Every structure is written in structure tokens, then in C-alpha cells.
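Analysis of the macromolecular model
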Amino acid sequence: MPDSELVSLRSVSKQFVDGNEVHTVLRDCELVMATGSSIALMGASGSGKSTLMNIIAGFEPLNSGDLILDGQETSQWRDSDWSEFRIHTLGVVFQQFNLLTPLNVRQNIAFPLSLAQKQWNGWCDYLVDTLGLSGLLDRHVAALSGGQQQRVAIARALASEPKLLLADEQRVIWMSNRQRGDAAFGRYYPAR
Ligand SMILES: Nc1ncnc2c1ncn2[C@@H]1O[C@H](COP(=O)(O)OP(=O)(O)OP(=O)(O)O)[C@@H](O)[C@H]1O
Ligand SMILES: [Mg+2]
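Analysis parameters
- Residues numbered from 1 in each chain as written.
- Chains lettered and ligands numbered in written order.
- Predicted model: local features only at pLDDT ≥ 70, side-chain atom pairs only at ≥ 80, totals over all residues.
- Heavy atoms only, no water.
- Donors = N, O, S within 2.8 Å, 3.2 Å for Na, K, Ca; no water.
- Helix = DSSP H or I, 4+ residues; strand = E, 2+ residues; numbered from the N terminus.
- Buried < 20%, exposed > 50% of the residue type's maximum accessible area, 1.4 Å probe, protein only.
- Near = heavy atom within 4 Å.
- Polar contact = N/O pair within 3.5 Å; in protein donor to acceptor, adjacent residues only side chain to side chain.
- Areas by Shrake-Rupley, 256 points an atom, 1.4 Å probe, with all protein chains shown as cover.
- Nonpolar A, V, L, I, M, F, W, Y, C, P; charged D, E, K, R; others polar.
- Axes fitted to C-alpha atoms, helices over the stretch in contact; angles between N-to-C directions.
- Parallel < 35°, antiparallel > 145°, perpendicular 65-115°, else oblique.
- Left-handed = near helix turned anticlockwise from the far one by under 90°.
- Contact = heavy atoms within 4.5 Å.

Points about the coordination of the magnesium ion (ligand 2)
- Every protein donor of the magnesium ion (ligand 2) is accounted for by Ser50 (OG) and Gln95 (OE1), and the metal-donor separations fall at 2.0 to 2.4 Å. Here serine 50 is found in helix H1 (residues 49-56), whereas its partner glutamine 95 is found in the loop between strand S5 (90-93) and helix H3 (105-115), with 45 residues between them in sequence.
- Serine 50 sits in the partly exposed class, given a relative accessible area of 22%.
- By relative accessible area, which is 36% here, glutamine 95 ends up partly exposed.

So this is what it looks like as C-alpha cells:
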């Protein structure tokens, strides 16, 4: 397998069971994401975009097929392997942001850094500045507007410089955030 395959799904299927009914959300899904590339997944509401992201992040198990992440086959991964991958390789902007509500903005952004045993650095300052968060660092995230929360979620996902970024529903990014989000993403993942 070439080194450049960061994410590879081979014939992946996913069903959800709801009472007596089985819903097939993904059927024989094939996807390859090369290192340094960016891919937009587009589809109708309920078509399985978030489910696919959750499978790649290891939040949902797949029913059949293979998921290969950064050259490693994941079918035998334990929780500790998934933790390692999420801490050192993955950043996620969740559809509902999933910020840590007891914490303030600075603590939310610093959270992935502490897991990776990294320090707050110039890149974090750049993110805070670019995303317009300088005046909000001591505010509790529950007290922020939706657009402000989204910017914190982007900063948190990028803080530890992940090799793989999964961003759900960024197409509906608040218009006032679009320029800032593009600047933050663009610096880290420049167009190739
Ligand atoms: N945990 C779950 N249990 C049962 N069904 C689920 C679960 N998660 C998702 N589904 C179902 O899987 C299908 C795909 O959902 P998913 O959230 O992946 O869609 P989506 O493409 O992200 O939609 P949207 O654009 O509205 O966010 C839906 O029919 C949904 O009801
Ligand atoms: Mg979704």
C-alpha cells in the first residue's frame, strides 16, 4: 500500500438496527483519502455522511469491510489503539461541536494538547487570532453564541496539528465564520 493513503475504506457496510428493522446506511463503500488531499462528502440529509465520519474516527463500528488508517488495518484495534490514533493523528469538528461545557475557551483549545503532552504554542496563538477568539479565551463555552462555539471547535480540532481533520457540516458554516475558518484551515492544509 502506498504511504500516501491516509484513510482507506474497502467494501465497508454499516447497518443500524431499530427494533425489528435493519437500516443499511452504507453498502460496499469504497473511499481512499491521500495524505495532503481534501475531500468534500456531499449527500442528502440522512444519507450517511456523519456515519461515515464516525466510522473513520472509530466512534461507530463497521459491520463488514476493512478500514485502514495511516497504513494500519484497524479491525483488531483495542480502545488504546483508537485513543492513540485520536490523540496523535485525528482532529474532529463535530456536527454539534461537542465542546467541553464546564471549561472555558482556552481550556477547550488546550485539551487535545494536554492529551498529546504538547504545550500551547505559536500555532495556537495563530488559530486564536485568525478565528477571532482572542477576547473570548476566558469565557465559558456554554455562554457563547453558535458561531463563536463553531470557531472554538475549529481551533480545538486544529490545535494539535492533526494529520487527519474530519469536519462535519462545514458547508453550513455561519457566513460570518467562513473567511476565518478558511484562513485557519488554509494555513494548515494549503491547496496542492
Ligand atoms: N446511532 C444510530 N442509530 C440508529 N440509526 C442511526 C444512528 N445514527 C444514524 N442513524 C441513521 O443513519 C442514517 C444516516 O444518518 P447520518 O447522521 O449519517 O446522516 P447525514 O448524511 O449525516 O445527515 P445530515 O446531513 O442530516 O447530518 C439516518 O437514517 C439515521 O437515522
Ligand atoms: Mg450529518
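Re the site of ligand 1
- Residues in contact with ligand 1 amount to 13 residues; listed here are only the nearest, Ser45, Gly46, Lys49, Ser50 and Thr51.
- The contact in question runs from an oxygen atom of ligand 1 to an N or O atom on the side chain of serine 45, over 2.6 Å.
- One nitrogen or oxygen atom from the side chain of serine 50 is found 2.9 Å from an oxygen atom belonging to ligand 1.
- Taking 640 Å² as the accessible area of ligand 1 by itself, protein coverage stands at 59%.
- Per-element accounting of the shell around ligand 1 gives the leading share, 3 residues, to H1.
- Within the shell around ligand 1, the residues separate by chemical class into 3 nonpolar, 7 polar and 3 charged.

Focus: the packing of helix H4 (residues 122-130) against helix H5 (residues 146-159)
- Taken N-terminus to C-terminus, the directions of H4 and H5 make an angle of 160°; their axes are 10 Å apart at the nearest point. Taken together, H4 and H5 sit at an angle that is classed as roughly antiparallel. Crossing geometry of H4 relative to H5 is assigned as right-handed. Residues Trp123, Cys124 and Leu127 of H4 form the contact with H5, whose participating residues are Ala155, Leu158 and Ala159.
- When grouped by side-chain class, the residues that make up the contact of H4 with H5 number 6 nonpolar, no polar and no charged.

Quick word on unusual backbone geometry
- Within the chain, serine 11 stands out as a residue other than glycine whose phi angle is a positive 50°.
- Tracing the backbone through its elements, the reader meets serine 11 in strand S1 (residues 5-18).
- According to the relative accessible area criterion, serine 11 is partly exposed, its value standing at 30%.
- Of note in the backbone geometry, glutamate 161 takes a positive phi value of approximately 55° without being a glycine.
- Taking the relative accessible area as the measure of exposure, glutamate 161 reaches 36% and is therefore partly exposed.

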